[in-house]
Amino acid sequence: MTSVLARSTTATLLLHPIKQCWSATLIGGKQCIRPSVLPPTSIRKSVPVCPFGTKFTVMGKPKVVFVLGPPGSGKGTQCEKIVKEFGYTHLSAGDLLREERNREGSEYGALIEDNIKNGRIVPVEITCALLENAMNKTIEATGNDRFLIDGFPRNEDNLQGWTKKMADKVDQQFVLFFECSEQQCTERCLKRGESSGRSDDNAESLKKRFNTYINDTVAIIKHYEELQLVKKIDASAGPDVVFEHVKALFGEQK
């Protein structure tokens, strides 16, 4: 009968860095300690208590909160505040796509740019791959397994692709939905466009983005409402006022 007991460290076994832990096995009535290898890509969660006073790990799924709302509703601003207050890692689907678009040698760069500029949604396979890769890198580097995924899923194809590829790999907590009028959101985005340098912060692109939001994303929010997973926030006020409501909501999740 084997249980993971002690430390996670770096070993030179097989001549490359791997994660190693120690297993306790009863042999002939005595407890023997032996190393066992955990794959580096495994999703692990640190546990602070151990019989020997050191950390040990158990398998766990990353916790995910989807953050949705119309363009300019303040998703990114509120995510920054949630990260500082509650320790989540913020993953913006749009930012990841823009980074991939700008990455030298990317085979998807032109496709991503064409979709973003015209207010269309990038194929879900690309977005899911970027999100999964970002989560794995974060967990490996920091051990943090709580994520805000901003601006995803945005349509039925996104939802189906995520469900097929990622649903069994994560713990879906809830959907944080920021509600704001089109007029106010448009004004915010145009103001942001004066300094953001984003190719989609202009009147023409915004109209297309809002059409996409109304025609595609609203249905996703309704889907999650039927599952009683949506937490709705009025985003029409200033960012600090909005965050007071966000804090109360996240405080309930502890």
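Under the annotation held in an unreviewed UniProt entry, the protein carries the name UMP-CMP kinase and is attributed to Anopheles epiroticus. UniProt, in the comment section headed Sequence similarities (unreviewed entry), describes the protein in these words: "Belongs to the adenylate kinase family. UMP-CMP kinase subfamily." Comment text from UniProt for the protein, heading Subunit (unreviewed entry), reads "Monomer."

Engineer: Outline the side chain of Asn-144, listing residues and values.
Structural biologist: Topologically, Asn-144 is positioned in the loop between α4 (124-142) and β9 (146-150). Polar contacts involving the side chain of Asn-144 include one to the main-chain carbonyl oxygen of Gly-87, which spans 2.8 Å. A distance of 3.0 Å separates the side chain of Asn-144 from the side chain of Thr-89, its partner in a polar contact. If sequence neighbours within four positions are ignored, Asn-144 has contacts with Gly-87, Tyr-88, Thr-89, Thr-138 and Ile-139.

Engineer: Summarise the packing of aromatic side chains; cite the residues concerned and give the values.
Structural biologist: Enumeration according to the criterion identifies seven aromatic pairs in this entry. Where Phe-86 meets Phe-250, the ring centres are 5.4 Å apart and the plane angle is 25 degrees; that geometry is what we call stacked. Within this pair, whereas Phe-86 is found in helix α1 (residues 75-86), its partner Phe-250 is found in helix α8 (residues 239-252), the two being separated by 164 residues in sequence. For Phe-250, a relative accessible area of 2% gives the class buried.

Engineer: Give me the lowdown on the UniProt feature "binding site: ATP" (unreviewed entry) in the protein, citing residues and values where you can.
Structural biologist: Mapped onto this numbering, the UniProt entry annotates "binding site: ATP" (unreviewed entry) at Gly-72, Ser-73, Gly-74, Lys-75, Gly-76, Thr-77, Arg-192 and Ala-237. One can find Ser-73 in the loop between β7 (63-68) and α1. Judged by its relative accessible area of 2%, Ser-73 is buried. For Ser-73, the residues in contact, after removing those within four places along its chain, are Phe-178, Cys-180, Cys-185, Arg-188 and Ala-235. Within the structure, Ser-73 has its side chain in polar contact with the backbone oxygen of Pro-70 (distance 2.8 Å). Here Gly-76 is to be found in helix α1. Gly-76 sits in the partly exposed class, given a relative accessible area of 29%. Once you skip the residues sitting within four places of it in the chain, Gly-76 turns out to touch His-90 and Asp-150.

Quick notes on the rules
Residues numbered from 1 in each chain as written. Predicted model: local features only at pLDDT ≥ 70, side-chain atom pairs only at ≥ 80, totals over all residues. Heavy atoms only, no water. UniProt positions renumbered as here; feature names shortened; annotations may be inferred. Helix = DSSP H or I, 4+ residues; strand = E, 2+ residues; numbered from the N terminus. Polar contact = N/O pair within 3.5 Å; in protein donor to acceptor, adjacent residues only side chain to side chain. Contact = heavy atoms within 4.5 Å. Phe/Tyr/Trp six-rings, centres within 6.5 Å; stacked < 30°, edge-to-face > 60°. Buried < 20%, exposed > 50% of the residue type's maximum accessible area, 1.4 Å probe, protein only.

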